[in-house]
Amino acid sequence: MSNKEKYIQAFVEALEIKEDQAEGLEYQSIPQWDSVGHMGLVAAVEDAFDIMMDTDDIIDFSSYEKGIELLRKYDVEI
Amino acid sequence: MKVIDAVWEKRNLGIDACEVLFEREDAVADISSEFERISAPYTVVKVPSDRNDISEYVQKNGYRYIEDLIGMEHDLHDQVRHPLHQRLYEAVAYRSMTEEDYAVLQHEIQSGIFDSDRISKDLKFGKSISAVRYCNWVADLREQGAALYTMLYRQEPSGFIILLTKDGSCYQSVLGGAYRRYLKTGLGMVQKEQEIVKKLGGKKLTTNVSSNNPSQLKALVANGYVPVTVQHVFVKHN
């Protein structure tokens with residue numbers, strides 16, 4: 001599985017969305033992405049890439065695109 | 001049935017208001033004549049959710065549904081958090097609100113951090129009036145001796161919580177929220193009031209949440225609260 005596929009799959013599983021909904025998604029743009037959903041999403045991303053995100057990055061992870069930018073800090077290229 | 005002249009709402013909303021609390025033992029036949037005489041410009045009615053007969057009666061009298069108010073309780077048990085949740089929990093500190101913190105809170109409320117309450121959602125009121133109401137409510141709570149706390153992320157105010165108690169044992173988490181910068185960050189999952197109340201010697205924590213705020217309801221359940229009561233809330237503008 002490519003990094004992009006793993007990344008999208010994290011969104012799909014954590015937020016219970018379809019793959020084509022992930023790109024462009026933002027925090028609170030759907031009911032599932034609230035604070036509870038955010039915990040699940042970040043946990044899924046951490047598991048997918050075997051990383052532990054800094055709390056500043058967890059807080060800044062506000063969209064699909066922002067997540068891609070943040071993951072570069074952990075040497076993960078999407 | 002209790003009928004309360006909501007004098008605080010005259011200041012908050014600019015009109016006379018009345019609040020009616022139906023109780024589980026109320027019989028429609030016994031309260032109808034008093035209830036039907038209520039004619040305040042704005043009336044709020046709260047009905048226990050298992051009294052469908054009262055809910056129907058209220059709606060037949062022109063009241064419309066606006067929300068469910070869900071009463072939640074926490075027994076202050078030690079919570080086992082997911083490691084990620086625990087990391088965020090440890091990243092947030094708190095302090096008793098300073099005067100400067102209080103000014104920040106008022107500013108944040110005026111900037112519109114609340115939007116799921118029945119005043120915000122009411123087309124005849126809206127968010128601006130709701131913000132005024134919240135500012136006044138916070139000021140009232142402060143005067144009543146409530147405990148106000150500022151949440152801190154990296155030493156920066158990130159949110160607040162207000163606690164009230166009558167007996168030092170049962171505390172009510174009356175109001176709380178994240179500040180604008182931290183609204184879409186996941187910090188809503190970090191709830192420090194259980195820790196605060198335990199330190200204050202409390203044994204139980206209660207709070208209310210609106211059905212118009214399912215995210216907050218989910219966060220409360222995720223932090224160990226359980227639902228104990230549900231009231232249907234109806235309003236009428238005369």
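If you're wondering where the values come from, they're calculated on a predicted model, not measured in any experiment.

Student: Where do I start with the overall build of chain B in this structure?
Tutor: Broken down by element type, chain B carries nine helices and ten strands. A compact globule built from 238 residues would reach a C-alpha radius of gyration of about 18 Å, and chain B, at 19 Å, matches this within 12%. Summarising its shape, the C-alpha atoms of chain B cover approximately 55 × 35 × 30 Å along the three principal directions. A burial count over chain B gives 32% of its 238 residues as buried. For chain B, long-range pairs separated by at least 24 residues make up 69% of all intrachain contacts whose partners lie at least 6 apart in sequence.

Student: Would you mind showing me how to read the confidence of the model for chain B here?
Tutor: For any part of a model where pLDDT is low, the fine detail of the predicted coordinates should not be relied upon. Across chain B, pLDDT averages 96, with 100% of residues at or above 70. Two summary scores accompany this predicted model of the complex, namely pTM at 0.94 and ipTM at 0.94.

Student: It is not clear to me how the environment of V80 of chain B should be interpreted in this structure. Could you clarify?
Tutor: With respect to the helices and strands, V80 of chain B occurs in the loop between strand 4 (64–74) and helix 4 (83–91). For V80 of chain B, a count of 8 C-beta atoms within 10 Å translates into the label exposed.

Student: Mind showing me how you'd approach the nonpolar core here?
Tutor: Nonpolar side chains tend toward joint burial in soluble globular proteins. Core analysis: the largest hydrophobic core is formed by 35 residues, its most contacted members being A10, F11, L41 and V42 of chain A together with L187 and M189 of chain B. Sorting the residues of this core by element identifies helix 1 (3–15), helix 2 (35–49) and helix 3 (55–60) of chain A together with strand 4, helix 4 and helix 9 (214–222) of chain B as the ones contributing at least two each. Ignoring sequence-local partners within four residues, the contact set of F11 of chain A consists of I17, A22, L25, L41 and Y64 of chain A. Counting 15 residues, the second-largest nonpolar core is a separate cluster that includes M97, F160, L163 and L175 of chain B.

Student: Teacher, can you tell me more about the interface of chain A and chain B here?
Tutor: When the parts of a complex come together, some accessible area is lost, and that lost area is often taken as the interface size. Of the residues lining the interface, 14 residues belong to chain A; the matching set on chain B comes to 17 residues. Going through the elements one at a time, helix 2 and helix 3 of chain A are the ones with two or more residues in the side of chain A that touches chain B. Looking at the side of chain A that touches chain B element by element, the count peaks at six residues for helix 2 of chain A.

The rules behind each value
Numbering of residues starts from 1 in each chain and follows the order in which that chain's sequence is written. In the order they appear in the text, chains get letters beginning with A and ligands get numbers beginning with 1. For a predicted model such as this one, the threshold for reporting local features is a pLDDT of at least 70, and the threshold for listing and counting side-chain atom pairs is 80 or more; totals across whole chains, interfaces and linings nevertheless cover every residue. Comment: elements are numbered from the N terminus, with helices defined as DSSP H or I runs of at least four residues and strands as E runs of at least two. Atoms considered for the radius of gyration are the C-alpha atoms alone. The globule rule reads 2.2 Å times the number of residues to the power 0.38. Partly exposed residues are those whose C-beta has more than 12 but fewer than 20 other C-beta atoms within 10 Å; 20 or more makes a residue buried and 12 or fewer makes it exposed, with C-beta atoms placed from the backbone. Contacts here follow a simple rule: the backbone-placed C-beta atoms of the two residues must lie within 7 Å. Note: pLDDT gives the predictor's confidence per residue, expressed from 0 to 100. Only buried Ala, Val, Leu, Ile, Met, Phe, Trp, Tyr and Cys residues enter a nonpolar core, and they are joined through C-beta atoms within 7 Å.

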